[in-house]
Amino acid sequence: MLVGLPATLVRPVRGGGVLYAKCRKKKCAKCAIPPPPFPSAESKSPCFRFKTLRSPSIASATALPFSSLSPVADSNFESLPESSAADQPDFSPHIMSDASGATASAMGSGRELANPPSDGISNLRFSNHSDHLLVSSWDKTVRLYDADANVLRREFAHPGPVLDCCFHDDSSGFSAGADHTVRRLAFASSKEDILGHHDAPVRCVEYSYAAGQVVTGSWDKTIKCWDPRGVSGPERTLVGTYAQPERVYSMSLVGNRLVVATAGRHVNIYDLRNMSQPEQKRDSSLKYQTRCVRCFPNGTGYALSSVEGRVSMEFFDLSESAQSKKYAFKCHRKSESGRDTVYPVNAIAFHPIYGTFATGGCDGFVNVWDGTNKKRLYQYSKYATSIAALSFSKDGHLLAVASSYTYEEGEKSHEPDSIFIRGVNEVEVKPKPKALAAPQ
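Because the structure is predicted, anything quoted here is derived from the model rather than measured. (Residues numbered from 1 in each chain as written. Predicted model: local features only at pLDDT ≥ 70, side-chain atom pairs only at ≥ 80, totals over all residues. Heavy atoms only, no water.)

Student: I'm lost on the overall build of the chain in this one. Help?
Tutor: When you go through the chain residue by residue, the secondary structure sums to four helices and 34 strands. Expressed as a percentage of the 440 residues in the chain, the buried residues total 58%. Put simply, of all contacts in the chain between residues at least 6 apart along the chain, 51% involve residues at least 24 apart. Counting only carbon and sulfur atoms, one obtains 50% of the accessible surface of the chain, whose full area is about 18100 Å². (Helix = DSSP H or I, 4+ residues; strand = E, 2+ residues; numbered from the N terminus. Buried < 20%, exposed > 50% of the residue type's maximum accessible area, 1.4 Å probe, protein only. Contact = heavy atoms within 4.5 Å. Areas by Shrake-Rupley, 256 points an atom, 1.4 Å probe, with all protein chains shown as cover.)

Student: How should the nonpolar core be read in this particular structure?
Tutor: In a soluble, globular protein the nonpolar side chains are often hidden away together inside. Residues Val 366, Val 368, Leu 390, Phe 392, Leu 399 and Val 401 are the most contacted members of the largest nonpolar core, which totals 17 residues. If sequence neighbours within four positions are ignored, Val 401 has contacts with Leu 124, Val 366, Tyr 383, Ile 387, Ala 389, Leu 390, Ser 418, Ile 419, Phe 420 and Arg 422. Membership of the second largest hydrophobic core comes to 15 residues, among which are Ile 121, Ala 147, Ala 388 and Ala 400. (Core = buried A, V, L, I, M, F, W, Y, C linked by side-chain atoms within 4.5 Å.)

Student: What is the right way to read the packing of aromatic side chains from this model?
Tutor: The relation between two aromatic rings is expressed through the spacing of the ring centres and the mutual angle of the planes. Counted by the stated rule, this structure contains 14 aromatic pairs. Judged by centre distance (5.8 Å) and plane angle (40°), the rings of Tyr 302 and Phe 316 are tilted. Placement of Tyr 302 in strand β23 (residues 301-306) and of Phe 316 in the loop between β24 (310-315) and α3 (320-323) is noted, with a sequence separation of 14 residues between them. Each member of the pair Tyr 302 and Phe 316 is classed as buried. Residues Phe 329 and Phe 357 carry aromatic rings whose centres are separated by 6.3 Å and whose planes lie at 50° to one another, so their mutual orientation is tilted. (Phe/Tyr/Trp six-rings, centres within 6.5 Å; stacked < 30°, edge-to-face > 60°.)

Student: I keep staring at the pairing of strand β26 (residues 333-336) and nothing clicks. Help me out?
Tutor: Strand residues, when the strand is regular, have side chains that alternate between the two faces of the sheet. Here β26 runs beside strand β27 (residues 339-342); their pairing, made up of four bridges, is antiparallel. Along β27, the bridge assignment pairs Arg 333 with Val 342. Adjacent in sequence and paired antiparallel, β26 and β27 are bridged by two residues, among which Ser 337 carries a positive phi angle near 55°. (Pairing = 2+ DSSP bridges.)

Student: Can you walk me through the pattern of salt bridges in this structure?
Tutor: Side chains that carry opposite charge are capable of pairing whenever their charged atoms lie near each other. Following the criterion strictly, the structure yields 17 salt bridges and no others. The partner of Arg 282 in a salt bridge is Glu 314, and the shortest N-O contact between them spans 4.0 Å. Here Arg 282 is found in strand β21 (residues 280-283), whereas its partner Glu 314 is found in strand β24, with 32 residues between them in sequence. When its relative accessible area of 14% is taken as the criterion, Arg 282 is described as buried. Relative accessible area serves as the criterion here: at 4%, Glu 314 is assigned to the buried category. Here Glu 308 ties to Arg 310 by a salt bridge, and the two come within 2.8 Å at their closest N and O atoms. On the accessibility criterion, Glu 308 (1% relative accessible area) is buried. What makes Arg 310 buried here is its relative accessible area of 6%. Connected through shared salt-bridge partners, Arg 125, Asp 164 and Glu 206 make up one network. (Salt bridge = Lys/Arg side-chain N within 4 Å of Asp/Glu carboxyl O.)

Student: Before we go on, may I ask you to explain the sheet that holds strand β11 (residues 172-177) in this structure?
Tutor: Sheet strands pair via backbone hydrogen bonds, and the direction of the pair is either parallel or antiparallel. The four strands lie next to each other as β10-β11-β12-β13, forming an open sheet whose pairing is antiparallel. A single partner strand is all that each edge strand has here, and the edge strands are β10 (162-169) and β13 (191-197). Sheet twist, expressed as the mean angle between neighbouring strand axes with direction ignored, is 20°. Note that β10 and β11 share six bridges and pair antiparallel. (Axes fitted to C-alpha atoms, helices over the stretch in contact; angles between N-to-C directions.)

Student: Help me understand the sheet that holds strand β29 (residues 357-361), please; the structure alone is not making it clear to me.
Tutor: Across the sheet, which stays open at both edges, the four strands sit in the order β28-β29-β30-β31 with antiparallel pairing between neighbours. Where the open sheet ends on each side, the last strands, each with one partner, are β28 (345-350) and β31 (375-379). With strand direction ignored, the average angle separating the axes of adjacent strands in the sheet is 25°. Bridge count for strand β30 (residues 366-370) against β31 is four bridges, and the pairing is antiparallel. Residue pairing in the sheet places Trp 369 in a bridge with Arg 376 of β31.

In short, geometric facts, not functional conclusions.
Next up, the structure:
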């Protein structure tokens, strides 16, 4: 089952969230979908749509058949045939094994940053030039930290929740807001400039060093490219608007390649030098709603996670030999008394040196994986609540972890939102060479 909730409690919401069994009306006016088949005395509010918009992660189907899953190991790798990959049954030709020395969880959560956001953390990112950390939050702020010194350097207040942020350089950054606005933030002067607007909340923002453009993705089913040098008004900064098949949930850049993951399990791949149409149009290899997409640092493909406790490894090259290498694996799950609990995988972060990657889920765990050798390298000790975001520093020596409840189980009491900075040891992230077979 999904994070402890019976499947009948979950219904899709057009805004990207989840309607729980808290609706008293015969039909929810905000969501325009039938309520669950039974009432609840937990709340007088007709709908928790706004709260759950922060976590478009639970259901793109009305009832997920998790009860039919057999108990599985923490991660079973699955090869994905090129045709009908999403419809293949679960099988495990290669059972993932923990690398030597990683059978026990790492000790401690890391150093907690002072002055964290007061509401859910939507994203965090290290600078490509220093150990500065930019954090966006549902408390309507963007915060700039010196992670090494544990100091809050700047705080920007927005009119609404901030859903994403990214650096331009150490002097400026960008934010994407639920107020439909894209902003440029000048750190030295604490000045804000409006780059432009979407017609719905802006979910994602990325800066392309290759193109010199800001790219934003919104729930208005578009992505937009902006020239941040145009300071005379939004009409001069907008480079182009490009329609998407559904609401944008996640984006990632590597070089001139842009990967856009939307609702409906669609994945569009663009070349920023020619945005007239996608270079490739794909469907996710995973069966349920996409949560996060991140490009490989070497530019050969991307990792994509979903709400069903899975991650797929995909490749841009469409040749048969390249596509035969793609696979998916199960993670962030637990089995107790013959009952499976499946957690959304909210975050993926690649190590900038070794190309290994960390995943964070609603189970509160951070795992580090060697995607080439199909091994889990490390599992850190459990955090107090869901892992909302992850980011490695530019040299890979630090890992920022956002421990922040993502409302996957609806409104409930939870631990305070926190940001932890971990020192990363080489043994945790460096790939282990494959053991040679013993001579006969």
